[in-house]
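Structural characterization, general
Listed here are the chains, written in short residue letters.
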Amino acid sequence: MTAPALDPLVEFIRSTRLSEVFRNEVAWLWPLCESLHFLGLSLLIGTAGFFDLRLLGFMQGVPLRSAKRFVPWAMVGFAVNLLTGLIFFISQPQQYATNLAMWLKVLFLLVAGINAMLFETSFSDRLMALEPDADMPLSAKVVAAVSLISWFAVLYFGRMLPYLDPNPQSGV
Amino acid sequence: MQFFIWLQDTPFAHWVASDPSLLAYPTILTLHTVGMAIVVGTCVVMDLRLLGIAGDVPLSALGRAPRLVWTGFFINAATGLALFTTDAEHKAVQTVFFVKLSLIFLALVVYGRLRTLVFRTASPQLSPISGEVRALAAVSLLLWTGATVAGRLMAYLL
């Protein structure tokens, strides 16, 4: 988390034409991307959360396969937020590269991603075959809890970015 | 106006605005975003379902959605009031803030109407979903989008 190691990267990104355009030539870009980032997070948490709640054992009687139809919408929300997040990062890399909250946010993004992949590769087929009224096994509940906790942690560290910065010179 | 000036000068408002603790302004602001995700996320799931997305999810699955919506709403009413006190004199006359409040009010009216239309029957089995319900679901998505954008623009528009 030491700042100097990342300085050359930050300087390089800031020096690119794209960064300059984002930063100085499109005045409404930042509020637009923030608005989209908030809409994307609501869509992601709502739809992924619905599936997670089903995996936790709520809404018994709803086939898991049906509940999963909302998951592509979570991916739409994620794509919107990845794109807008990259625009923030390219515009003002110094606000993020050395910010502890940013790295914790990335950590929980990885946890959420690995957890989802683990679900797909190891649990999905077996759980999809369950009867709609069956009790969810513990493994499903753990996956769902990890997912919910990590998405809210992503939101938490994202929103706390300006306040958890150990290097306040970065000026978030 | 005197009231808002007084409100902004209460010890509570000063604590929220200026206390160095992460539990003051930063946590209250973050909880406001958590509440938004719960309210808007839940309404969006309901609206998408009513528009025909995930059509094989039984509508009864959304029977407990109001608990989430009202929990999120309560969090945001409380955190919103706390945030309001820190800048009451200005927020009381900020146009985009009233736009946001109006859009939230309208979105909740639409939400209430949808609950009545779709979920008041013992076992909601609406197929096909009526044109009125679809239209209201689309309006709901637009209103929550507008409320979210207006909330974000409060930091930019005076």
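Conventions and cut-offs
- Residues numbered from 1 in each chain as written.
- Chains lettered and ligands numbered in written order.
- Predicted model: local features only at pLDDT ≥ 70, side-chain atom pairs only at ≥ 80, totals over all residues.
- Helix = DSSP H or I, 4+ residues; strand = E, 2+ residues; numbered from the N terminus.
- Contact = placed C-beta atoms within 7 Å.
- Buried ≥ 20, exposed ≤ 12 C-beta atoms within 10 Å, placed from the backbone.
- Nonpolar A, V, L, I, M, F, W, Y, C, P; charged D, E, K, R; others polar.
- Axes fitted to C-alpha atoms, helices over the stretch in contact; angles between N-to-C directions.
- Parallel < 35°, antiparallel > 145°, perpendicular 65-115°, else oblique.
- Expected span 1.5 Å × (residues − 1).
- Left-handed = near helix turned anticlockwise from the far one by under 90°.
- Core = buried A, V, L, I, M, F, W, Y, C linked by C-beta atoms within 7 Å.

Turning next to the overall build of chain B. Tallying secondary structure elements over chain B gives 7 helices and 0 strands in all. Going residue by residue from the N terminus, the α and β elements of chain B occur as α-α-α-α-α-α-α. For chain B, the spread of C-alpha atoms along the principal axes amounts to about 55 × 30 × 25 Å. Counting contacts in chain B only where the partners sit at least 6 residues apart, residues at least 24 apart contribute 81% of the total.

Residue and element names in this part refer to chain A. In this structure, Ile114 sits in helix 6 (residues 100-128). Ile114 sits in the exposed class, given 12 other C-beta atoms within 10 Å. Residues Ile114 and Ser147, 33 residues apart in the sequence, show an inter-C-alpha distance of 9.7 Å.

As a further point, take the interface of chain A and chain B. Facing the 26 residues of chain A at the interface are 26 residues of chain B. With 13 residues, helix 3 (residues 29-56) of chain A is the single largest residue contributor to the side of chain A that touches chain B. Its residues placed into classes, the side of chain A that touches chain B shows 17 nonpolar, 6 polar and 3 charged.

The subject of this paragraph is the packing of helix 2 (residues 17-25) of chain A against helix 5 (residues 71-91) of chain A. For any two helices packed against each other, one specifies the inter-axial angle together with the distance between the axes. Residues and elements named next belong to chain A. Viewed as axis vectors pointing N to C, helix 2 and helix 5 meet at an angle of 100°, and their least axial separation amounts to 8 Å. Regarding the angle of helix 2 to helix 5, the classification is roughly perpendicular. Contacts between helix 2 and helix 5 involve Leu18, Ser19, Phe22 and Arg23 from the former and Ile87, Ile90 and Ser91 from the latter. Within the contact of helix 2 with helix 5, the residues separate by chemical class into 4 nonpolar, 2 polar and 1 charged.

With that out of the way, let us pick up helix 5 of chain A. Between the first and last C-alpha of helix 5 of chain A there are 30 Å, a value that for 21 residues agrees with the 30 Å anticipated at 1.5 Å per step. Every buried residue of helix 5 of chain A is listed here: Trp73, Ala74, Gly77, Phe78, Asn81, Thr84, Ile87 and Ser91 of chain A. Close packing links the buried residues of helix 5 of chain A with helix 2 and helix 3 of chain A together with helix 3 (25-50) of chain B.

Further remarks concern unusual backbone geometry. Positive phi outside glycine occurs at Met59 of chain A, with the angle close to 55°. As for its placement among the helices and strands, Met59 of chain A is situated in the loop between helix 3 and helix 4 (64-67). According to the C-beta neighbour criterion, Met59 of chain A is buried, with 21 such atoms within 10 Å. Positive phi, close to 50°, is recorded for Ala54 of chain B, a residue that is not glycine. Structurally, Ala54 of chain B is set in the loop between helix 3 and helix 4 (65-85). Judged by local crowding, Ala54 of chain B falls into the buried class, with 22 C-beta atoms found within 10 Å.

Moving on, we get to the packing of helix 6 of chain A against helix 7 (residues 138-159) of chain A. All names here are of chain A. Viewed as axis vectors pointing N to C, helix 6 and helix 7 meet at an angle of 160°, and their least axial separation amounts to 9 Å. One way to sum up the angle between helix 6 and helix 7 is to call them roughly antiparallel. Relative to helix 7, the crossing made by helix 6 is left-handed. Counted together, Ala101, Leu104, Lys105, Phe108, Leu109, Val111, Ala112, Asn115, Ala116, Phe119, Phe123 and Leu127 of helix 6 and Ser139, Ala140, Val143, Val146, Ser147, Ser150, Trp151, Ala153, Val154, Phe157 and Gly158 of helix 7 form the full contact between these two elements. Along the lines of polarity and charge, the residues of the contact of helix 6 with helix 7 split into 17 nonpolar, 5 polar and 1 charged.

What follows concerns the nonpolar core. Counting 64 residues, the largest nonpolar core has Leu44 and Phe70 of chain A together with Cys43, Val44, Ala107 and Trp144 of chain B as the members making the most contacts within it. At the level of secondary structure, the elements contributing two or more residues to this core comprise helix 3, helix 5, helix 6 and helix 7 of chain A together with helix 3, helix 4, helix 6 (95-119) and helix 7 (131-153) of chain B. The element that contributes the greatest number of residues to this core is helix 3 of chain B, accounting for 11 residues. In this structure, Cys43 of chain B is in contact with Val69, Tyr111, Ser140 and Trp144 of chain B, ignoring residues within four places of it in sequence.

Residues and elements named next belong to chain B. The end-to-end C-alpha separation of helix 6 is 35 Å, in line with the 36 Å expected for 25 residues at 1.5 Å each. Along helix 6, the residues classified as buried are Phe97, Lys100, Leu103, Ile104, Ala107, Val110, Tyr111, Leu114 and Val118. Summarising the contacts, the buried residues of helix 6 are in contact with helix 3, helix 4, helix 5 (88-91) and helix 7.

Okay, the environment of Ala140 of chain A next. For Ala140 of chain A, the position within the fold is in helix 7. Those residues in contact with Ala140 of chain A that lie beyond four places of it in its chain are Leu55, Phe123 and Leu127 of chain A.

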